Amino acid sequence: MEIIMAFVIGFLFMAATYLFLTKSLLRVIIGTGLISHGAHLLILTMGGLGGKIPPVLTNGAANGDYADPLPQALILTAIVISFGVTAFILVLAYRAYQELGTDNMDMLKGDDNNE
Amino acid sequence: MNNLILFPVIAPFLFAAILMFIPKKVKLQRALTIVALTVTILGTIWLLVRVYHEGVLSMTLGDWQAPFGITMVSDLLSVLLVLTTTVVTLFVVLYSFPTIGVPREKFYYYSGVLFLLTGVNGSFTTGDLFNLFVFFEVLLMASYLLIVIGGEKVQLRESIKYILVNVISSAFFVIAVAYLYSITGTLNMADLAVRIPQIEYVGILTTVAVLFLVVFGLKGAIFPLYFWLPSSYSAPPTAILALFGALLTKVGVYAIMRTYTLFFTMDIGFTHELLAFLSIATILAGCIGALAYFDVKKIIIYNVIIAVGVILFGASQLNESGLQGALYYIFHDMIIKAALFFMIGLIAILFGTTDLRKMGGLMKTKPALGWFYLIAAFGLAGIPPLSGFAGKLLIVKGGFENDHVWGSIIILVTSLLVLLSVMRIFIYAFWGEPVKVNEIPRSTYRQMFIPSIVLVGLSILYGIGTEWLYPFVSDAANVLQNPSIYIDAVLKE
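Residues numbered from 1 in each chain as written. Chains lettered and ligands numbered in written order. Predicted model: local features only at pLDDT ≥ 70, side-chain atom pairs only at ≥ 80, totals over all residues. Heavy atoms only, no water.

What to know about the overall build of chain B
- When helices and strands are counted, chain B shows 21 helices and two strands.
- Computed over its C-alpha atoms, the radius of gyration of chain B comes to 21 Å, within 12% of the 23 Å expected for a compact globule of 493 residues.
- Along the longest, intermediate and shortest principal axes, the C-alpha atoms of chain B span 70 × 55 × 45 Å.
- By the burial criterion, 66% of the 493 residues in chain B qualify as buried.
- Within chain B, contacts between residues at least 6 apart in sequence are counted, and of these 81% link residues at least 24 apart.
- If you sum the accessible surface of chain B, you get close to 16,800 Å²; carbon and sulfur atoms cover 69% of it.
- Looking at chain B, you have 28 positive and 24 negative side-chain charges, and the mean spots of the two groups are 19 Å apart. (Helix = DSSP H or I, 4+ residues; strand = E, 2+ residues; numbered from the N terminus. Rg over C-alpha atoms; globule rule 2.2 N^0.38 Å. Buried < 20%, exposed > 50% of the residue type's maximum accessible area, 1.4 Å probe, protein only. Contact = heavy atoms within 4.5 Å. Areas by Shrake-Rupley, 256 points an atom, 1.4 Å probe, with all protein chains shown as cover. Lys, Arg positive; Asp, Glu negative; His and termini not counted. Charge placed at Lys NZ, Arg CZ, Asp CG, Glu CD.)

See the structure below:
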């Protein structure tokens, strides 16, 4: 199971990297979503998958029978944060599109001569 | 009563939430913000006194035993950083009254500042790595608001890049935390410090340490990860720029100092050597930037990057002089950078431009500004007896004691380049043929100038009172040097 997860995470990172390198701002934002999800899945995998018993210590529950609850708590926090940030970027991208008239990352370059 | 540790985090948060209900009442907002910051400063001073007398304080949320619950820890380093942060924020808020403009004030500017303070203070206080990530996100969210508030074209363009860089670095933070958790099975910093020496696989821990260096280095703007900082920071108005330049990079620097002294000490020969090399590269890159531009904002922004390098070089030495020097320098830098940004903002408003080549002759009309700018510039470069001197001297001494003679020599030489870069502003703006300056009302001028004077005064006091501050700084450096003090305080029964 961990092997499959590793491939899934690797694929997410790969897709995110591809999207980061494209010119359209919207694709870049989708890329940030994918990279966050890859990171979340990575926490889950790193905590160890499997285990059938709920993570409450009862008599007879040997170590390894239950899934580690901490990664799930961490992911929950991280998901909420990435959700909020993604919402913010989407609104910002829309405003920037209205104001600057483009969503092409090449056109968003700025230097001393082009403020 | 260890709950006092949470006070500098909770108080700004509470006031920020209250301010969100009264966006249109600007006068009331200003008054409440001042009240919030004063209350926070008083609480932090009380906390400082307690930490100084009783040693490291810690509390666990919900009374869970230390390695399991979230721990908040206040040692002298973090409480001093919290105090300096809050004081600088108070001056930034005073400076923003005349400069930031009513539309921004009505659009939750003060809430944003207080939320940022919540995040920064929380990052300095927390004793748990995942909690550090959460507080990083709190301060980043507030900084996203502050960098884009006002919605000018350049702000929108630069904030997109700022946010994208930070989202990616946050993802890397989560990845690094995940790896560390799978290796050690804990995220409590004190517990990590106990467990890491017991782990045999040094190689993978070193990898994780470097991954954390990348994450914190992106926030703290070390070489080569500072690329986003100059253009992003030059977009917002000067008050916000001062807030960012003085505080935000210091959070990354603090995180590196904390992790690299407390638990990533398993392979000092590689990680700390890398850190020393990167900090010297940071200093050099910052110097090149500071000398290359004719834009006053850019010059001071590149000086922020130089300071990050100097502090981290001191921290990477891991000996008494180096750590003490790094601490002296980090407090000095927060104060002096805010003061310099304030005066740069004033100069830019007077001339109506940030281009040095269009300035000149301010000394004839505004001599006081000139002299205070000169003092701040000397303080930045570390000319005795001003505030930068003691820190830089100790950092250089630390390098000499530790076979990093080349690093110390580079720091000494680049001090002259730092002085040159800020003196260029002085020469262009204050000397030469007078250029026509904008008329700004006397009261506005005074409101902008007085916070700058007080901050420069603080930095002079800091320089003269170095001897008096010594017990605090040496105690703080002592905790960094002997992690067992920190571990005992957190994991005690």
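As for the UniProt feature "domain: NADH:quinone oxidoreductase/Mrp antiporter transmembrane" (unreviewed entry) in chain B
- With numbering matched to this structure, UniProt assigns "domain: NADH:quinone oxidoreductase/Mrp antiporter transmembrane" (unreviewed entry) to residues 127-417 of chain B.
- End C-alpha atoms of residues 127-417 of chain B are separated by 38 Å, and the span's content is 80% helix alongside 0% strand. (UniProt positions renumbered as here; feature names shortened; annotations may be inferred.)

Focus: the nonpolar core
Residue and element names in this part refer to chain B.
- Counting residues in each nonpolar core, the largest one holds 221 residues, and the members touching the most others are Tyr109, Phe212, Leu369 and Tyr373.
- Looking at which element gives the most residues to this core, the answer is helix H14 (residues 320-351), with 21 residues.
- For Tyr373, the contacting residues outside a window of four places in its chain are Leu340, Met343, Ile344, Val422, Ile425, Phe426 and Phe430. (Core = buried A, V, L, I, M, F, W, Y, C linked by side-chain atoms within 4.5 Å.)

What about the pairing of strand S1 (residues 57-60) of chain B?
Residues and elements named next belong to chain B.
- Here S1 shows two buried faces, one formed by Leu57 and Met59 and the other by Ser58 and Thr60.
- Where S1 and strand S2 (residues 71-74) come together, four bridges link them in antiparallel fashion. Each residue of the ladder has a partner; that of Ser58, found in S2, is Val73. (Pairing = 2+ DSSP bridges.)

Here's the deal with the confidence of the model for chain B
- Put simply, chain B has an average pLDDT of 90, and 100% of its residues get 70 or more.
- Here the complex is predicted with pTM 0.93, and the ipTM for its interfaces comes to 0.92. (pLDDT = per-residue confidence, 0-100.)

Considerations on unusual backbone geometry
All names here are of chain B.
- The amide bond that connects Phe223 to the next residue, Pro224, takes the cis arrangement and shows omega of -5 degrees.
- Among the secondary structure elements, Pro224 is positioned in the loop between helix H9 (202-220) and helix H10 (229-233).
- A positive phi angle, near 65 degrees, is found at Tyr108, a position not held by glycine.
- Positionally, Tyr108 belongs in the loop between helix H4 (102-106) and helix H5 (109-125).
- Under the relative-accessibility criterion, Tyr108 is labelled partly exposed at 28%.
- With phi around 60 degrees, Ala221 is a residue other than glycine that occupies positive phi space.
- Among the structural elements, Ala221 can be located in the loop between H9 and H10.

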